[in-house]
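One-letter residues, chain by chain:
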Amino acid sequence: MLNVVNVDKSYKADGMFTGKPRKILKNVSFECFSGECLGILGESGSGKSTLGRLLLGLEKPDRGSVLFEGKNVIHRTVRKGKLSAVFQDYTSSIHPMFTVEQAILEPLNAQQSLSRSEKRSKVDLLLTQVGLDPAYKSKYAHELSGGEAQRVCIARAISTEPRCIVLDEAVSSLDVSVQIQVLKLLKQLKQLYAMSYIFITHDIMAASYICDRILVVKDGQIEETIRVENLKEAKSAYTQRLLKSLISF
Ligand SMILES: Nc1ncnc2c1ncn2[C@@H]1O[C@H](COP(=O)(O)OP(=O)(O)OP(=O)(O)O)[C@@H](O)[C@H]1O
């Protein structure tokens, strides 16, 4: 369904137009299958979020391509309504001047097929599906807790019934107890909407709870691909280190 083929990506060292480019992603190839939750696990700076932006068509690879159902995601029409995202920073993901209803309606408004009243009742349904009372629709972002705000971001991400959601550290900023609730919710919604997830994280516990398969990224390369049930046999030093830290904890 989502195919990454021989992708390279570099950035200028200072992020500007001067300086020597540094290769952040090196010949990355993999596929995320329909209905799968694919984890992308790696330490800070390994290139996970860069990969996430390329998957969403927000940036262009220097070499190679990202194909969604055979078509390049760089074209807006290929990803519109079918690919969506939930990021770590839930507070800035919701426009401060928007009510929850306006935030959820944003992607829905691009859909011509729904009438205004259909869109309104869809907002109520989406809020219920993410475990929030429909009365939340008149609240603003600053009136929400972290967990509530992330639920609103999830409601917005599923509003167009996408085929795939890229979740970049989507639970990392939440309290541990709220993380578990949101992970459970994501699992239920994945079933309900028959979606795929790309779950970007440095948290092996969260990844092993929600993912079917995990790609371990190191220095911009895929070090290992492993099914969650085989995690204990992971070869990469990074994964072994993470597993050990869990056991000693
Ligand atoms: N727009 C940019 N311009 C220049 N360098 C960048 C840019 N985006 C990312 N980088 C660099 O690319 C490297 C990989 O960053 P990236 O955010 O993809 O890593 P990550 O694995 O997601 O890290 P973290 O877990 O800390 O978020 C970092 O060294 C970062 O400084």
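- Per an unreviewed UniProt entry, the protein chain is named Nickel transport system ATP-binding protein, and its organism is Paenibacillus favisporus.
- In its Sequence similarities (unreviewed entry) section, the UniProt record describing the protein chain reads: "Belongs to the ABC transporter superfamily."

1. A closer look at the pattern of salt bridges
Okay, step 1: Under the definition given, this model contains twelve salt bridges.
Okay, step 2: Across the salt bridge formed by lysine 137 and aspartate 124, the nearest N and O atoms sit 2.8 Å from each other. Taken together, the positions of lysine 137 in the loop between helix 5 (116-129) and helix 6 (146-158) and aspartate 124 in helix 5 put the pair 13 residues apart, joining distant regions of the chain.
Okay, step 3: Notably, a salt bridge pairs arginine 227 with glutamate 229, separated by 2.9 Å at the nearest N-O pair.
Okay, step 4: One network of salt bridges, with partners in common, ties together Asp8, Lys23 and Arg63.

2. Some words on the pairing of strand 8 (residues 196-201)
Across a regular strand the side chains alternate sides, sitting on one face of the sheet and then on the other.
Okay, step 1: Strand 8 sits mainly inside the fold: six of its six residues count as buried.
Okay, step 2: Across the two faces of strand 8 the burial is the same, with Ser196, Ile198 and Ile200 and Tyr197, Phe199 and Thr201 all buried.
Okay, step 3: Inspection of the sheet shows strand 3 (residues 37-42) paired to strand 8 by five bridges, in the parallel sense. Looking across to strand 8, one finds that leucine 41 is bridged to threonine 201.
Okay, step 4: Sheet analysis places strand 7 (residues 164-168) next to strand 8, joined by five bridges and oriented parallel.

3. Looking at the packing of aromatic side chains
Okay, step 1: What the rule picks out here adds up to zero aromatic pairs.
Okay, step 2: One Lys or Arg, lysine 139, reaches over the ring of tyrosine 136 and ends 5.1 Å from the middle of that ring.
Okay, step 3: In this arrangement the basic side chain of lysine 187 is found over the ring face of tyrosine 209, its NZ or CZ atom lying 4.2 Å from the centre.

How each quantity is defined
- Residues numbered from 1 in each chain as written.
- Predicted model: local features only at pLDDT ≥ 70, side-chain atom pairs only at ≥ 80, totals over all residues.
- Heavy atoms only, no water.
- UniProt positions renumbered as here; feature names shortened; annotations may be inferred.
- Salt bridge = Lys/Arg side-chain N within 4 Å of Asp/Glu carboxyl O.
- Helix = DSSP H or I, 4+ residues; strand = E, 2+ residues; numbered from the N terminus.
- Buried < 20%, exposed > 50% of the residue type's maximum accessible area, 1.4 Å probe, protein only.
- Pairing = 2+ DSSP bridges.
- Phe/Tyr/Trp six-rings, centres within 6.5 Å; stacked < 30°, edge-to-face > 60°.
- Lys NZ or Arg CZ within 6 Å of the ring centre and 35° of its normal.

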